[in-house]
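One-letter residues, chain by chain:
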Amino acid sequence: MNESENMRAKRNLDLVTPGERLGVIEEFQAGGGTYVEKGVIYSRALGKVIVDLERKRISVQPKTRIPPLLRKGVQILGEVQQVQDKMATIKVLSINGEKLSRPYTAVLHISYAVRGFLRSLYDALRPGDLVKAMVIGDENLPCQLTTIGRRLGVVRAYCTRCGSPLTYNRGRKILECRECGKTERRKVSEDYGAI
Ligand SMILES: [Zn+2]
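Residues numbered from 1 in each chain as written. Predicted model: local features only at pLDDT ≥ 70, side-chain atom pairs only at ≥ 80, totals over all residues.

S.K.: Which residues make up the overall build of the chain, and what values do they have?
M.R.: Within the chain, the regular secondary structure consists of 1 helix and 16 strands. What you see for the chain is a C-alpha radius of gyration of 24 Å, clearly larger than the 16 Å of a compact globule of 195 residues, by over 25%. Principal-axis analysis of the C-alpha atoms places the extent of the chain at approximately 70 × 30 × 30 Å. Here the contacts in the chain between residues at least 6 apart in sequence split such that 49% fall between residues at least 24 apart. (Helix = DSSP H or I, 4+ residues; strand = E, 2+ residues; numbered from the N terminus. Rg over C-alpha atoms; globule rule 2.2 N^0.38 Å. Contact = placed C-beta atoms within 7 Å.)

S.K.: Tell me about the domain arrangement of the chain, and please be specific about residues and values.
M.R.: Partitioning the chain into domains gives domain 1 (10-62) and domain 2 (75-184). Taken over C-alpha atoms, the centre of domain 1 sits 43 Å from the centre of domain 2. (Domains from an automatic or database assignment.)

S.K.: Run through the sheet that holds strand 16 (residues 183-184), naming residues and quoting values.
M.R.: The strand order across the open sheet formed by 3 strands is 14-15-16, and the pairing between neighbours is antiparallel. In this open sheet, the two edge strands, each paired with only one partner strand, are strand 14 (166-169) and strand 16. Two strands pair when backbone bridges link them, and strand 14 and strand 15 (residues 174-177) are joined in this way by 4 bridges, in the antiparallel orientation. The residue bridging N169 from the neighbouring strand is I174, located in strand 15. (Pairing = 2+ DSSP bridges.)

S.K.: Describe the sheet that holds strand 7 (residues 57-62), naming the residues involved and giving the relevant values.
M.R.: Overall, mixed pairing links the 4 strands, which are arranged 1-6-7-3 in an open sheet. Every interior strand has two partners, whereas the edge strands, strand 1 (15-16) and strand 3 (29-30), have only one.

S.K.: Any details on the pairing of strand 9 (residues 87-95)? Residues and values, ideally.
M.R.: Two elements, strand 8 (residues 75-83) and strand 9, share 6 bridges in a ladder whose sense is antiparallel. Bridged to E79 within strand 9 is K91. Joining the antiparallel neighbours strand 8 and strand 9 is a turn of 3 residues. Direction of pairing for strand 9 relative to strand 10 (residues 98-109): antiparallel, over a ladder of 8 bridges. Along strand 10, the bridge assignment pairs I95 with E98. Counting the residues in the hairpin turn of strand 9 and strand 10 gives 2 residues, including N96, whose phi is positive at 45°.

S.K.: Quick rundown of the environment of G23? Include the residues and the values.
M.R.: By the secondary structure assignment, G23 is in strand 2 (residues 21-24). Sequence separation between G23 and G39 is 16 residues, and the spatial gap between their C-alpha atoms is 8.8 Å. Ignoring anything within four residues of it in the chain, the contact list for G23 reads A9, K10, F28, I41 and I58.

S.K.: Just give me the short version of the pairing of strand 6 (residues 47-52), but keep the residues and values in it.
M.R.: In this structure, strand 1 lies alongside strand 6, joined through 2 bridges in antiparallel fashion. Following the sheet pairing, L15 is matched in strand 6 by K48. Sheet topology places strand 6 next to strand 7; 6 bridges connect them, and they run antiparallel. Pairing of D52 across the sheet is with R57, part of strand 7. As consecutive antiparallel partners, strand 6 and strand 7 are separated by 4 residues, and within that stretch K56 has a phi angle of approximately 55°, a positive value.

S.K.: Can you lay out the nonpolar core for me, pointing to particular residues and giving the numbers?
M.R.: One finds A88, I90, L125, V131, A133, L145 and V154 to be the most contacted residues of the largest nonpolar core, which totals 31 residues. Mapped onto this core, the elements with two or more residues apiece are strand 8, strand 9, strand 10, strand 11 (130-137), strand 13 (153-156), strand 14 and strand 15. In contact with V131, other than residues within four places in its own chain, are G78, V80, I90, L125, T147, G153, V154 and V155. Of all hydrophobic cores here, the second largest spans 10 residues; its members include V16, F28, A45 and V49. (Core = buried A, V, L, I, M, F, W, Y, C linked by C-beta atoms within 7 Å. Buried ≥ 20, exposed ≤ 12 C-beta atoms within 10 Å, placed from the backbone.)

S.K.: Can you break down the environment of K10 residue by residue, with the values?
M.R.: On the secondary structure map, K10 appears in the loop between helix 1 (3-7) and strand 1. Sequence separation of K10 and L108 is 98 residues, and the distance between their C-alpha atoms is 45 Å. The residues touching K10, leaving out its near neighbours within four places in the chain, are V16, L22, G23 and V49.

In structure tokens, the structure reads:
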């Protein structure tokens, strides 16, 4: 795009990316999905330009809905990726029950996995497990999670020997494999098996 084209106001239904120049405030009012800097209107989102000539308003209709952010206090459902002794990575699949089209990666540190002492994170979760967790830190990326709390923790787990889904024995407080008989431990959520 050359300079003169760039200076011209965008037309109705043009596709724009965030930060793209849309027009100037002498010509248009800045509508939704835009922001103004030094008299110039820019797009805040990837989307379609909507020019309302009657009201002299320019706005951007986002193409994709902006995913809800991983803010402190929100509950997530995620799949355990890698597990090390002190740290695990979790692929966040949904936030407050809303499914994400593009998953985020968050981390769980051993000190936020259970109340009390834990020797290794392997004793709380394993790769492939589905976990319910809460975001406790959103200042730095990746976000920090916790699984401390009765309803937080593993909600679905698979046998590390045969891959079958494990059943929670509430009396013995242990996960059992009905296929091969193996028993396993996790930091189990009260909602185990309900999701
Ligand atoms: Zn098994």
